Amino acid sequence: MNLENFLIVSAAIFAIGLYGTISKRNVITVLMSIELMLNAVNIAAVAFSRYLDPSLISQGTDVTRSALTGQIFSLFIVTVAAAEIALGVAIIITVYRSRETVFITDVNQMRH
Amino acid sequence: MSLSSTIESSVITNIAFWVVSISVIVSSFAVVQIRDLFRAALFLVLAFIGIAGMFILLRAEFLAVVQILIYVGAISVLIIFAILMTRDVSDGNPPNRLKIPASIVGLIFFLVFTFVMVQVDWNIQPHPDPLPDTYQEDSVEVYTKFSYFHVCFWFFCDPKHSDSESPADREVQDDTSYVLDEKLDSDRDQSGLDKIFTDTIPSIAELLLRDFVLAFELVSILLLAAMIGALTLIREK
């Protein structure tokens, strides 16, 4: 269990989320895949803040600050993901009310 | 070697890491592959719980609790609501034309990132090791002997009759008291980093409200705007 293990798991989850985001028609699956990608980024940030030597980047400043910056970033990413999922679900339900579909290939008025 | 790094390199922690990471990868693959959307959402919940377990393995307990509260408690419920409010739940996850290019892109991404992450020489923080190796082996040996005799003492000997113990036992006890004192000393002068990661919540609070206070307030404004926007979008005209 070292830094590379966590980073490889994070890359695997991100790749699965990327595949789901590009290749699926249902917009709810696309939202879930975006959540997976954000979680993969969180794992990478926390692993970096756990394993990397913080005394190299904190020259003269507090070591605590640079050792925990990854966790603070993950907190902000979680908050932004919550806001994004709330707006996404609202948009999905609005589109479903007016167009009776959740497939992103059917919502293409802007192309015509 | 301090106590926390000993725990982190133990066999049980490694087994826990492999179980958690394999379950996370399998369930996130099931999220994008299962046709039933409701089951996909349940696998998403499983993946979130596994990621919280990975945070615990990374000594970020506060973040693990936040992950359970926000992702498992709020975001999954929102997604399940969205699934239940739309049609075609059981057969609603078809791929579009880009299935093969997307899988190729994902695979290339994974391979490139794995290659880069294995090749780069990261600046891993040095684990403190105040005692020499020979002393370590001695202390471990005496420590196991200590625990064995300790259990024997607890089960078979009354503490009142401790004056009738054999000289060998007394010798072992003297050794163990010496080792325990040394262990306490090595725990006391562990490095600052281990101290940070044994209790992260006060440091996170201090950082959020002192160094990152501008981002903290901006995120609260973002959440307020998202809430108002969602209510405006969803309102019946």
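Residues numbered from 1 in each chain as written. Chains lettered and ligands numbered in written order. Predicted model: local features only at pLDDT ≥ 70, side-chain atom pairs only at ≥ 80, totals over all residues. Heavy atoms only, no water.

J.: In this structure, what is going on with helix α5 (residues 99-119) of chain B? I would like to understand it.
T.: In an α-helix there are 3.6 residues to a turn, and that puts residues three or four apart on one side. Under the 1.5 Å per step criterion, the end-to-end length of α5(B) is 30 Å for 21 residues, consistent within 8% with the ideal 30 Å. Listed in full, the buried residues belonging to α5(B) are B:Ala102, B:Gly106, B:Thr114 and B:Met117. Here the buried residues of α5(B) occupy an arc of 95° about the axis, which is enough to place them on one side. Exposed residues on α5(B) whose side chains face more than 90 degrees from its buried face are B:Ile100, B:Leu107, B:Leu111, B:Phe115 and B:Gln119. In this fold, the buried residues of α5(B) make contact with α1 (3-23) of chain A. (Helix = DSSP H or I, 4+ residues; strand = E, 2+ residues; numbered from the N terminus. Expected span 1.5 Å × (residues − 1). Buried < 20%, exposed > 50% of the residue type's maximum accessible area, 1.4 Å probe, protein only. Arc of directions from axis to C-beta. Contact = heavy atoms within 4.5 Å.)

J.: Where do I start with a nonpolar patch on the surface in this structure?
T.: Taken together, the side chains of B:Ile100, B:Ile104, B:Ile108, B:Val112, B:Phe113, B:Phe115, B:Val116 and B:Val120 present a nonpolar region at the surface, about 730 Å² in accessible area. Along the chain, B:Val116 falls in helix α5. (Patch = residues over 30% accessible without salt bridge, like charges linked within 9 Å, V, L, I, M, F, W, Y side chains within 5 Å. Areas by Shrake-Rupley, 256 points an atom, 1.4 Å probe, with all protein chains shown as cover. Salt bridge = Lys/Arg side-chain N within 4 Å of Asp/Glu carboxyl O.)

J.: Honestly, the interface of chain B and chain A in this entry has me stumped. Any pointers?
T.: One frequently used descriptor of interface size is the decrease in accessible area upon assembly of the parts. On the chain A side, the residues contacting the 85 residues of chain B number 75 residues. Where chain B meets chain A, there are 0 salt bridges. Joining chain B to chain A, the criterion identifies 5 residue pairs in polar contact (both at pLDDT 80 or more). Breaking the side of chain B that touches chain A down by element, the ones donating at least two residues are α2 (11-33), α3 (37-57), α4 (61-85), α5, α8 (192-198), α9 (201-211) and α10 (213-234) of chain B. (Polar contact = N/O pair within 3.5 Å; in protein donor to acceptor, adjacent residues only side chain to side chain.)

J.: For this particular structure, what's the right way to read the packing of aromatic side chains?
T.: Think of a pair of aromatic rings as described by two things: how far the centres are apart, and how the planes are tilted against each other in angle. Taken as a whole and assessed by the stated rule, the structure comprises 7 aromatic pairs over all chains. Between A:Phe48 and B:Trp122 the ring centres are 5.0 Å apart and the planes differ by 55°, which places this aromatic pair in the tilted class. In this pair, A:Phe48 sits in helix α2 (residues 27-51) while B:Trp122 sits in the loop between α5 and α6 (133-156), so the two residues belong to two different chains. Classification of B:Trp122 as partly exposed rests on a relative accessible area of 21%. Members of the aromatic cluster, joined through ring pairs, are A:Phe6, A:Tyr51, B:Phe17 and B:Trp18. (Phe/Tyr/Trp six-rings, centres within 6.5 Å; stacked < 30°, edge-to-face > 60°.)

J.: What exactly am I supposed to notice about the confidence of the model for chain B here?
T.: Detailed reading of the predicted model is not advised wherever pLDDT is low. Residue and element names in this part refer to chain B. Per-residue confidence for chain B averages 75 on the pLDDT scale, and 64% of its residues sit at or above 70. Taken together, the stretch residues 128-167 has pLDDT below 50 and engages in 30 contacts with residues farther than four places along the chain or on a different chain. Within the model, the stretch residues 180-190 combines pLDDT values under 50 with 9 contacts to residues more than four positions away or in other chains. (pLDDT = per-residue confidence, 0-100.)

J.: Would you mind going over the environment of B:Leu98 with me for this structure?
T.: When you line up the elements, B:Leu98 lands in the loop between α4 and α5. Note on B:Leu98: relative accessible area 40%, which makes it partly exposed.

J.: Sorry, what's going on with the nonpolar core here?
T.: In this structure, A:Phe6, A:Ile13, A:Met32 and B:Ile79 are the most contacted members of the largest nonpolar core, which totals 63 residues. Those elements that provide at least two residues to this core are α1, α2 and α3 (63-99) of chain A together with α2, α3, α4 and α9 of chain B. If you tally residues by element for this core, the top one is α3(B), at 12 residues. In contact with A:Met32, not counting residues within four places along its chain, are B:Val31, B:Leu37, B:Ala40, B:Ala41, B:Leu44 and B:Ile79. (Core = buried A, V, L, I, M, F, W, Y, C linked by side-chain atoms within 4.5 Å.)

J.: What am I meant to see in the packing of α2(B) against α3(B) here?
T.: A pair of packed helices can be characterised by two numbers: the angle between their axes and the separation between those axes. All names here are of chain B. α3 packs onto α2 with a crossing angle of 155° between their chain directions and a minimal axis gap of 8 Å. By the angle class used here, α2 and α3 are roughly antiparallel. In the packing of α2 onto α3, the handedness of the crossing is left-handed. Residue-level contacts link Thr13, Ala16, Phe17, Val20, Ser21, Val24, Ser27, Ser28, Ala30 and Val31 of α2 to Ala40, Phe43, Leu44, Leu46, Ala47, Gly50, Ile51, Gly53, Met54 and Leu57 of α3. (Axes fitted to C-alpha atoms, helices over the stretch in contact; angles between N-to-C directions. Parallel < 35°, antiparallel > 145°, perpendicular 65-115°, else oblique. Left-handed = near helix turned anticlockwise from the far one by under 90°.)

J.: I tried to follow the environment of B:Phe29 on my own but got confused; where do I start?
T.: Inspection of the secondary structure puts B:Phe29 in helix α2. In sequence terms B:Phe29 and B:Leu44 are 15 residues apart; their C-alpha atoms lie 9.4 Å from each other.

J.: What is the right way to look at α4(B) in this model?
T.: Residues and elements named next belong to chain B. Between its terminal C-alpha atoms α4 stretches 35 Å, which fits the 36 Å expected from 25 residues at 1.5 Å a residue. The largest bend in α4 is about 25°, located at Ser76. The set of residues buried in α4 consists of Leu63, Ala64, Val66, Gln67, Tyr71, Val72, Ile75, Ser76, Ile79, Ile80, Ala82 and Ile83. (Bend = angle between axes of the 7 residues up to and from the residue.)

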